[in-house]
Protein chains: 2
Amino acid sequence: MNEVTRLLKAHRSIRKFTDQPVSDEIIDEIVTCGQAAATSSNIQAVTVIRVRKTETREQLAALAGNQEYVVSAGAFLVFCADVARPRFACEMQGGRFAQGMTEQFLIATVDVALTAQNCVVAAESLGLGICYIGGIRNHPQAVADLLQLPEDVYPVFGLCLGFSAQSPQTKPRLPLSVVLQEEYYPAHQNQQAIEAYDQQMRDYYRSRTGGKKASSWSQEMRALTGKESRPQLREFLSGRGFSMR
Amino acid sequence: MNEVTRLLKAHRSIRKFTDQPVSDEIIDEIVTCGQAAATSSNIQAVTVIRVRKTETREQLAALAGNQEYVVSAGAFLVFCADVARPRFACEMQGGRFAQGMTEQFLIATVDVALTAQNCVVAAESLGLGICYIGGIRNHPQAVADLLQLPEDVYPVFGLCLGFSAQSPQTKPRLPLSVVLQEEYYPAHQNQQAIEAYDQQMRDYYRSRTGGKKASSWSQEMRALTGKESRPQLREFLSGRGFSMR
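Residues numbered from 1 in each chain as written. Chains lettered and ligands numbered in written order. Predicted model: local features only at pLDDT ≥ 70, side-chain atom pairs only at ≥ 80, totals over all residues. Heavy atoms only, no water.

Novice: Could you give an account of the environment of Val51(A), with specific residues and numbers?
Specialist: Along the chain, Val51(A) falls in strand 1 (residues 46-51). Residue contacts for Val51(A): discarding those within four places in its chain leaves Thr56(A), Arg57(A), Leu60(A), Phe76(A), Val78(A), Leu147(A) and Glu183(B). (Helix = DSSP H or I, 4+ residues; strand = E, 2+ residues; numbered from the N terminus. Contact = heavy atoms within 4.5 Å.)

Novice: Could you give an account of helix 3 (residues 54-63) of chain A, with specific residues and numbers?
Specialist: Residue and element names in this part refer to chain A. The complete set of buried residues in helix 3 reads Thr56, Arg57, Leu60, Ala61 and Leu63. One side of helix 3 carries all its buried residues, which in axial view fall inside an arc of 165°. Looking at the packing, one finds that the buried side of helix 3 touches strand 1, helix 4 (69-72), strand 2 (75-82) and helix 7 (140-146). Where helix 3 terminates, the next one or two residues include Gly65, which has phi positive at roughly 95°. (Buried < 20%, exposed > 50% of the residue type's maximum accessible area, 1.4 Å probe, protein only. Arc of directions from axis to C-beta.)

Novice: Hey, could you go over the interface of chain A and chain B for me, with residue numbers and the actual values?
Specialist: Taken together, the 114 residues of chain A in the interface contact 114 residues of chain B. Taken together, the connections running from chain A to chain B amount to eight salt bridges. A salt bridge links Glu103(B) to Arg230(A), with the nearest nitrogen and oxygen atoms 2.5 Å apart. Scanning the region where chain A abuts chain B turns up 56 residue pairs in polar contact (both at pLDDT 80 or more). Per element, the largest residue contribution to the side of chain A that touches chain B is 15 residues, and it comes from helix 6 (residues 102-125) of chain A. (Salt bridge = Lys/Arg side-chain N within 4 Å of Asp/Glu carboxyl O. Polar contact = N/O pair within 3.5 Å; in protein donor to acceptor, adjacent residues only side chain to side chain.)

Novice: An account of the packing of helix 2 (residues 24-35) of chain B against helix 6 (residues 102-125) of chain B is requested, with residue identities and associated values reported.
Specialist: Residue and element names in this part refer to chain B. Packing of helix 2 against helix 6 leaves a shortest axis separation of 7 Å and a crossing angle of 135°. Considering the angle they form, helix 2 stands oblique to helix 6. For the crossing formed where helix 2 meets helix 6, the hand is right-handed. Contact residues: helix 2 offers Ile30, Val31, Cys33, Gly34 and Gln35, while helix 6 offers Thr115, Asn118, Cys119, Ala122 and Ala123. In the contact of helix 2 with helix 6, the residues fall into six nonpolar, four polar and no charged. (Axes fitted to C-alpha atoms, helices over the stretch in contact; angles between N-to-C directions. Parallel < 35°, antiparallel > 145°, perpendicular 65-115°, else oblique. Left-handed = near helix turned anticlockwise from the far one by under 90°. Nonpolar A, V, L, I, M, F, W, Y, C, P; charged D, E, K, R; others polar.)

Here it is in structure tokens:
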């Protein structure tokens, strides 16, 4: 264990921020750290859009399911998977871009996440708190319109950054023994470990909500995966050029 | 700038490793740091498989396009996107899993990448070098068979970890001004900046290869995106339950 691993293990999402602004220098430093992450074949399929305008932030907050910290955070970034830039480069060289490959969707999405996580680690090391905003995929077309995203670009998630005005506890995770396996995927799911984690999460929710929420992990998973989630996404992506061939 | 941002910006892939083994304690610490990353709705859709057996490593190295460091690295991990576990939890609660949603494919893939990047930062802070292995997607079905992956699980990438036996320079990235935008996606691609970066990459490749490789970024992008990449992926994913609806 060292300072870095301590920092990583101390992560929790922050949803209340002070008024202290986040300077351009800090954002530049954070995104530069993001760019240093590995990228598949150096494609760098990422564009980060910093949204400053309050009006745009308010619209994004509403589209993301009324997450007001999209407005109140010191800075708000939208991380976009971007194969429009490599396409431009390919065409600069007289090539013909092979649009809509599943592999391209995948590497661009992974590039975005690797970049963003480096940004998060940098931000937390600089004393900021963060919160990922997957809710911008609720209405992906409206978000794309607001940010004037062209074909071959899609918004993966937003990121709130700012100086924290709260200090929540870290959220318990599944036991390492469930997540880290040796040689093979196990033949059976470890129900006992999941039930133990369920109990831990029930206690966690109870303590965080003063007894109001008493759900378990598997109950949350039933609610999350037992219904069609964001069915609009496929058609949206296909309309952007990410057509999964 | 602090020690963490310095560490992040110093990243480069390592492909030559010493014989020094990587202890179980270090891998546990690294994956625990990985688990601390943000996860969409706490789904934790990640399973990490540590492959120790030389025979399996040799098969994976061959499948990944003869990348021998898959065998020689102190440790080799395969990061799998896993919605089989949340599905099991959903069904434990009497729910009916909504299979094949694009959103699930997306959040599982993002979860894996956020987790892996935290693992990478932890590993580098502990003095290890790393290399992501996207090449395991060359033959995804063979990899899935080797690791006995069930439905609803797919291998996103591998990760070599070990003590470095080389010290390559960092690879230049696109200028920050290209990647970080204000308010909107730009109306036009910045061809001038791309051409300047092309020149920088030509110099980088030349210096790294002793003059043998003199390609530019846009030439690399033409080679990469000007052809169908991994067309087998879509059918493979669809057969796993990731059917993009």
